Amino acid sequence: LVSILFSTLIIFLTGLIDDIKGLSALSKFCFQLIAAILVVSAAKFSSIEFNFFNAQYSELLSIVLSIIYIIGITNAINLIDGLDGLAGGVSLIIVISFLVLGILAPNGVKIGYVYVLVPLIGSLIAFLFYNKEPAKTFLGDTGSLMLGWIFAILSLVYSQKTTFTLSILIPVMVLGLPAFDVVFVMIKRFFIRHEYGYKGRLAQVFTGDQNHLHHLLLSIGLSKKETVLILYLITSITSFIALYFYFYNRDNYNQENMIYVLMCVFSIIFIIRFIVEWKANRKK
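Remember, it's a predicted structure, so these values are computed and weren't measured experimentally.

## A word on the environment of Ile-153
Link 1 in the chain: The residue Ile-153 is located in helix α6 (residues 140–161) in this model.
Link 2 in the chain: In this structure the C-alpha to C-alpha distance between Ile-153 and Ile-4, which are 149 residues apart in sequence, comes to 8.3 Å.

## Describing the packing of aromatic side chains
Link 1 in the chain: Summed over the entire model, instances satisfying the criterion amount to five aromatic pairs.
Link 2 in the chain: When the ring of Phe-180 is compared with that of Phe-266, the centres are 5.1 Å apart and the planes differ by 85°; the resulting orientation is edge-to-face. Placement of Phe-180 in helix α8 (residues 176–192) and of Phe-266 in helix α12 (residues 255–283) is noted, with a sequence separation of 86 residues between them.
Link 3 in the chain: Aromatic side chains Phe-270 and Phe-274 sit 6.3 Å apart centroid to centroid with 25° between the ring planes, which places their arrangement in the stacked category. Of this pair, Phe-270 and Phe-274 both sit in helix α12, four residues apart, which is roughly one turn of the helix.
Link 4 in the chain: An aromatic cluster is defined as three or more aromatic residues linked by ring pairs; in this entry it consists of Phe-180, Phe-266, Phe-270 and Phe-274.

## What about the pattern of salt bridges?
Link 1 in the chain: Scanning all chains against the criterion turns up four salt bridges.
Link 2 in the chain: The partner of Lys-28 in a salt bridge is Asp-18, with the nearest N and O atoms 3.3 Å apart. Here the residue Lys-28 occupies a position in helix α2 (residues 25–45), and Asp-18 occupies one in helix α1 (residues 2–20), the gap between them amounting to ten residues. In terms of burial, Lys-28 and Asp-18 fall into one category: buried.
Link 3 in the chain: Arg-273 serves as the salt-bridge partner of Glu-277, at 3.9 Å between the closest nitrogen and oxygen. Of the two residues, Glu-277 and Arg-273 both sit in helix α12, four residues apart, roughly one turn of that helix. An identical accessibility class is assigned to Glu-277 and Arg-273; each is buried.
Link 4 in the chain: A single salt-bridge network, built from bridges that share partners, covers Asp-18, Lys-28 and Asp-141.

Scoring rules and cut-offs
Position numbers for residues count from 1 along each chain, tracking the sequence in the order it is written. Local features in a predicted model are, by the rule used here, given only for residues with pLDDT of at least 70; side-chain atom pairs are given and counted only at 80 or more, and totals for whole chains, interfaces and linings are based on all residues. Side-chain metrics rest on all non-hydrogen atoms present in the structure, leaving aside hydrogens and water. Think of it this way: any DSSP run of H or I at least four residues long counts as a helix, any run of E at least two long counts as a strand, and we number them from the N terminus. Stacked, tilted and edge-to-face pairs are distinguished by plane angle, under 30 degrees for stacked and over 60 for edge-to-face with tilted covering the rest, among Phe, Tyr and Trp rings (Trp via its six-membered ring) whose centres lie within 6.5 Å. One side-chain nitrogen of Lys or Arg within 4 Å of one carboxyl oxygen of Asp or Glu is enough to make a salt bridge. Only protein chains enter the calculation, and the probe is 1.4 Å; a residue is then buried if its accessible area is under 20% of its type maximum, exposed if over 50%, and partly exposed in between.

Spelled out as structure tokens, the structure:
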């Protein structure tokens, strides 16, 4: 608990300094890496196993994957925060889904989930009153990084407390839109920027552009409000799929089914993105 609180403080201060003075992408990554190493290492020392997928992986690989996962999810919310009400609304849907998962999960998860998520739901609802278009207040890096950090930590805690193999994939399905959108964007950044060479292209992966799904929806002529509502709908669908799968399979669990469901969520987001990007390119 102390390690989580201290590492969360690091994330909060990183976002706050970035909002006030500005930080480079490398500086933010370094602070996030320190925070992730701190919380994963402390969990290891207290005999909590951070097995990202299952026990067949080595301890070192488990730690590395956990750190990559935490940093990835932390930044996912930050990177979709491009329209009024978007990141806050998507986060609210995710938080409610996490709360339902926590209530359905074993007793070890319920109390901690309720203590963290119920106040967060209230905070996000109040925030959205002032963040809807035209927004009067914003998440900033402080808010968006904190939300991503909380989702990353809670999903790992959830995966430890359940008996499912690959249980981490259930919260990943809930986080499908921000998580997969970031993956798609980074892959595209790497493959389309040929002029930089391989090392330069790796650096360009972390350079901003207009290729996120909300940018593409705007480019085909949708209004900001329509774009936000569509992304709310996608997040609701992926969250419903995850909750439906968990509820109807917790007594008759099949590991292969979880992989198929994750592929379904991935395919939904990929197909939507493919169609929207195709329309955007035709319009250009």
